[in-house]
Amino acid sequence: GSIQEEDITILNTYAPNIASPQYIRRLLTTLKGEIDNSTIIVGDFNTQFTAMDVSSRQKIKETQTLNEALDQRDLIDIYRIFHPKLARHTFFSSAHRTFSRIDHILGHKSILGNFKKIEIISSIFSDLNAI
């Protein structure tokens, strides 16, 4: 589609609860030729990209290779760019007693200037809080 007369592709994804960083890396590899600077990838990634995205001292080492894959494709976590120090979470795990941000908005570095504001808002239509 298009927004303000600019072509845009929105890819909505839901990663599985187990091995989600590996799933996302495979997805990015599979869609390599389809993802360009007009693509925005949104959804429930079921993983954290930074230590700030989780409320415990949970290890996020497995996401290092995911972050490297994103960097190789010049993709960024748009929310984190706008809120570099804000720990706002989208999911609470009662089993692990942790809060995490597992919903993400990824985009190409070159489209960052197209955004004025990015916020996490609550939604009654989601299984967790939507971005």
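It should be emphasised that the depicted structure is a prediction, and the values quoted were computed from it without experimental measurement.

For the rest of this paragraph, the subject is unusual backbone geometry. Its identity is not glycine, yet D74 carries a phi of approximately 60°, on the positive side. The topology assignment puts D74 in the loop between α2 (63-72) and β5 (75-77).

Along the polypeptide, H108 turns up in strand β8 (residues 103-108). H108 sits 31 residues away from D77 along the chain, and the two C-alpha atoms are 9.0 Å apart. Leave out the neighbours within four places in its chain, and H108 touches D36, N37, T39, R73, D74 and L75. A polar contact is formed between the side chain of H108 and the side chain of S110, at a distance of 2.8 Å.

Right, let's talk about the packing of helix α1 (residues 20-30) against α2 for a bit. For the pair α1 and α2, interaxial distance at closest approach is 9 Å and the crossing angle is 20°. The angle between α1 and α2 falls in the class roughly parallel. Judged by the twist between their axes, the crossing of α1 over α2 is left-handed. Two secondary-structure elements touch here, α1 through P21, I24, R25 and L28 and α2 through T63, T65, L66, A69 and L70. Looking at the contact of α1 with α2, its residues break down into six nonpolar, two polar and one charged.

To continue, consider α2. All buried positions along α2 are accounted for by T63, L66, A69 and L70. The buried residues of α2 occupy one face: seen down the axis, they fall within an arc of 110°.

Scanning the entire structure with this criterion turns up two salt bridges. Here D74 ties to K109 by a salt bridge, and the two come within 3.9 Å at their closest N and O atoms. On the criterion of sequence distance, the pair formed by D74 in the loop between α2 and β5 and K109 in the segment after β8 is long-range, its members being 35 residues apart.

Definitions and limits used
- Residues numbered from 1 in each chain as written.
- Predicted model: local features only at pLDDT ≥ 70, side-chain atom pairs only at ≥ 80, totals over all residues.
- Heavy atoms only, no water.
- Helix = DSSP H or I, 4+ residues; strand = E, 2+ residues; numbered from the N terminus.
- Contact = heavy atoms within 4.5 Å.
- Polar contact = N/O pair within 3.5 Å; in protein donor to acceptor, adjacent residues only side chain to side chain.
- Axes fitted to C-alpha atoms, helices over the stretch in contact; angles between N-to-C directions.
- Parallel < 35°, antiparallel > 145°, perpendicular 65-115°, else oblique.
- Left-handed = near helix turned anticlockwise from the far one by under 90°.
- Nonpolar A, V, L, I, M, F, W, Y, C, P; charged D, E, K, R; others polar.
- Buried < 20%, exposed > 50% of the residue type's maximum accessible area, 1.4 Å probe, protein only.
- Arc of directions from axis to C-beta.
- Salt bridge = Lys/Arg side-chain N within 4 Å of Asp/Glu carboxyl O.

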